[in-house]
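Spelled out, the chains give:
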Amino acid sequence: MVVPSLPDPEKLRAVREAIPALSAGIYLNTGSVGPLPAETAAAMADMAAYERDVGRAHDDYFHEALARMAEARAGVAAVLGTDVGAVGLTHSTTDGMNAATLLPDWRRGGRAVTTAHEHAGAAGPLYALRDRFGVELVFVDAGDDGDDERTVAAFDAAITTDTLLVTLSHVLWTTGAVMPVARIAALAHARGALVVVDGAQAAGAMPVRFDELGADLYAVSAQKWLLGPEGMGALVVDPAAIERLTPALGGWYSFERVDSTGEAVWWDDGRRFEASGYHRPSVVGMARSIGWLSMYVGLDFVYRRGLSMAATAAARLAAVPGVRVLTPPDRMATLVTFRIAGWPAEAALDELGARIFAIARTIPAIDAIRISVGFFTSEDELDRVVDAVALLASSTPETLPPRRTLAMLGES
């Protein structure tokens, strides 16, 4: 059992036993979807069984579901160091980014500034605004190299008094670089722009204090570094800005009730941005995973070990001849992106998967491999990854020694 007081080596063993998927391979793709703790899977299965056997229509069950939603909000608030009233549940980071992007009144156009490295979940609604309202999109090509001064200068030049929205990732999903969000937010606010941050690769991977970032809204995923189920996320909203964040363009924003005059009374907290139709077992799973990380594993261990292992991975890979690490070492979280000379990323990843059962992904736009190094990654796994990458780097796809295979007697 995982308990906070365990020494690090014992805690790592307990954590790995509590996450069954870690035995299926070297799990290096939490940046897409993390492994479910067994405790989370069991809680979700119990809820699904209750719905099957007892049903979902009883009023008591409805109120129980509301309590579990409140638990999930509280978990997100604890991870991001903010008030629970700032949190609204969504179905994904993309849901949160869509909702936040619609907040300014775009009917007269305007300017939106973002980076050239944004995920489709953040860029998609911006392109929709451009096509529908003629919004000017400005893509800042900065941030990936870890040069904060260059990044801030580029945003300073791009953000004008016509800018209504600045959208950026806290951690770039491409190179894994950590962006100087607070400094960019200060520039944006000085010129009257709303600041929306995609926190999918930061929440649960590194310490985040929402109240210190200066962002107006911050979207997160449940299924990545929070180790929760898919189909859940959250949008965290600056409480000081909540009253001016009623959407101008409609959408699925939620209100608390209709008053006696027939007017909508908006929620006065993050629930204003909640949708409906939540899968209740997934709500329970999100709350349970965050609670497990916070109360049993301990966020200090999660951050300390995860960041340390990722930095070690980046340094060791960078020392391999023929390997170029794209993640800036002094501005990184837990994503490590790299290229192997002479190898297309997809071919290299196929070899790593077949040789050491590495579960990772490529970033096609930059033809690179991205690994997600978690607090649960072992030193032995890291050794195997580096050794396998070194083998590939010392060869080409044409000269690589064939993989060892096991001959099965009696088979033709």
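Residues numbered from 1 in each chain as written. Predicted model: local features only at pLDDT ≥ 70, side-chain atom pairs only at ≥ 80, totals over all residues. Heavy atoms only, no water.

> Whenever I open this one, the environment of Leu102 confuses me. Can you help?
Within the fold, Leu102 resides in the loop between α4 (93–101) and β3 (111–115). Separated by 143 residues in sequence, Leu102 and Leu245 place their C-alpha atoms 9.8 Å apart. (Helix = DSSP H or I, 4+ residues; strand = E, 2+ residues; numbered from the N terminus.)

> Mind showing me how you'd approach α4 here?
Along an α-helix, residues three or four apart share an orientation, since each turn contains 3.6 residues. Burial analysis of α4 places 7 of its 9 residues in the buried class, the great majority of the element. When α4 is considered as a whole, its buried residues turn out to be Thr93, Asp95, Gly96, Met97, Ala99, Ala100 and Thr101. If you follow the buried residues of α4, they end up packed against β2 (87–90), α5 (120–133), β5 (163–169), β6 (194–198), β7 (217–221) and β8 (233–237). At the N-terminal end of α4, a side-chain oxygen is found 3.3 Å from the backbone nitrogen of Thr94, two or three residues along, and the residue is Ser92. (Buried < 20%, exposed > 50% of the residue type's maximum accessible area, 1.4 Å probe, protein only. Contact = heavy atoms within 4.5 Å. Polar contact = N/O pair within 3.5 Å; in protein donor to acceptor, adjacent residues only side chain to side chain.)

> I keep staring at the layout of surface pockets and nothing clicks. Help me out?
Over the atoms, a rolled probe matching the size of one water molecule traces out where space is still vacant. Space inside the second largest pocket adds up to approximately 230 Å³. Forming the walls of the second largest pocket are 20 residues, and the residues nearest its centre are His119, Asp198, Ala200, Gln201 and Lys224. When residues of the lining of the second largest pocket are traced back to their parent elements, those giving at least two are α4 and α5. Class assignment for the residues of the lining of the second largest pocket results in 4 nonpolar, 12 polar and 4 charged. (1 Å grid on protein atoms, 1.4 Å probe; cavity = no way out; pocket = protein on both sides within 12 Å on 5 of 7 lines; lining within 4 Å. Points joined across faces, edges and corners; volume = space filled by probe spheres on them. Nonpolar A, V, L, I, M, F, W, Y, C, P; charged D, E, K, R; others polar.)

> Sorry, what's going on with unusual backbone geometry here?
Glycine aside, residues mostly have negative phi, and peptide bonds are mostly found in the trans state. Unlike most non-glycine residues, Leu227 shows phi in positive territory, near 60°. Counting through the fold element by element, Leu227 comes out in the loop between β7 and β8. For Leu227, a relative accessible area of 1% corresponds to the buried category. Positive phi values are uncommon outside glycine, yet Asp367 reaches one of about 50°. Among the structural elements, Asp367 can be located in the loop between β14 (361–363) and β15 (368–372). On the accessibility criterion, Asp367 (39% relative accessible area) is partly exposed.

> For this particular structure, what's the right way to read the nonpolar core?
For soluble globular proteins, nonpolar side chains are generally found buried alongside one another. Counting 73 residues, the largest nonpolar core has Val76, Leu80, Val166, Tyr218, Met286, Trp292 and Phe375 as the members making the most contacts within it. Here the element with the most residues in this core is helix α9 (residues 280–318); it accounts for 11 residues. Setting aside chain neighbours within four positions, we find Val76 in contact with Val87, Val220, Ala234, Val236, Met286 and Ile290. Counting residues in each nonpolar core, the second largest holds 32 residues, with Ala310, Val323, Ile340 and Ile371 among its members. (Core = buried A, V, L, I, M, F, W, Y, C linked by side-chain atoms within 4.5 Å.)

> Would you explain the sheet that holds β14 in this entry?
Picture the strands of a sheet paired through backbone hydrogen bonds; they go either parallel or antiparallel. The sheet built from 4 strands is open, its strands ordered β11-β12-β15-β14 with antiparallel pairing. The open sheet terminates on both sides in strands that have one partner only, identified here as β11 (323–325) and β14. Taken pair by pair, the neighbouring strands of this sheet meet at an average axis angle of 35°, ignoring direction. Contacting β11, β12 (335–340) and β15, α9 runs over the sheet at an angle of about 145° to β11. Against the sheet, helix α10 (residues 345–356) engages β12, β14 and β15, with an angle of about 45° to β15. (Pairing = 2+ DSSP bridges. Axes fitted to C-alpha atoms, helices over the stretch in contact; angles between N-to-C directions.)

> For this particular structure, what's the right way to read the packing of aromatic side chains?
Each aromatic ring pair is summarised here by two numbers: the centre-to-centre distance and the angle between the ring planes. A complete count under the given rule lists 6 aromatic pairs for this structure. When the centroid spacing of 6.2 Å and the interplanar angle of 70° are considered together, the rings of Phe210 and Tyr218 count as edge-to-face. Given a relative accessible area of 0%, Tyr218 falls into the buried group. Through a chain of ring-to-ring contacts, the aromatic side chains of Tyr27, Phe301, Phe375 and Phe376 assemble into a single cluster. (Phe/Tyr/Trp six-rings, centres within 6.5 Å; stacked < 30°, edge-to-face > 60°.)

> Can you walk me through the pairing of β12 in this structure?
Each regular strand displays side chains that alternate between the two surfaces of the sheet. Across the 6 residues of β12, 5 count as buried, placing the element largely inside the fold. The pairing of β11 with β12 spans 3 bridges and is antiparallel. Counterpart to Val325 in the pairing with β12 is Phe338. Two elements, β12 and β15, share 4 bridges in a ladder whose sense is antiparallel. The residue bridging Leu335 from the neighbouring strand is Ser372, located in β15.

> When you look at the pairing of β6 in this model, what are you seeing that I'm missing?
With respect to burial, β6 is a largely interior element, 5 of its 5 residues being buried. On β6, burial covers both faces: Leu194, Val196 and Asp198 on one face and Val195 and Val197 on the other are all buried. Pairing geometry for β5 and β6, over 5 bridges, is parallel. By the bridge assignment for β6, Ser169 is matched with Asp198. One crossover worth recording links β5 to the parallel β6 by way of helix α7 (residues 181–190), and it is right-handed. Two strands pair when backbone bridges link them, and β6 and β7 are joined in this way by 3 bridges, in the parallel orientation. What sits directly across from Asp198, in β7, is Ala219. (Right-handed = clockwise from strand over helix to strand, strands pointing away.)

> How should α9 be read in this particular structure?
Across its 39 residues, α9 extends only 44 Å between first and last C-alpha, which sits more than 12% below the 57 Å expected from 1.5 Å per residue. The largest bend along α9 measures about 95° and falls at Val297. (Expected span 1.5 Å × (residues − 1). Bend = angle between axes of the 7 residues up to and from the residue.)

> What's the story with the sheet that holds β3 in this structure? I'm lost.
Ordered in space as β2-β8-β7-β6-β5-β3-β4, the 7 strands form an open sheet in which the pairing is mixed. For this open sheet the edge positions go to β2 and β4 (136–140), each flanked by a neighbour on one side alone. Averaged over all neighbouring strand pairs, the angle between strand axes comes to 20°, with direction disregarded. Pairing between β3 and β4: 5 bridges, direction parallel. Residue pairing for β4: Val113 is matched across the bridge by Val138. Its contacts with the sheet put α5 on β3, β4, β5 and β6, and the angle it makes with β4 is roughly 145°.

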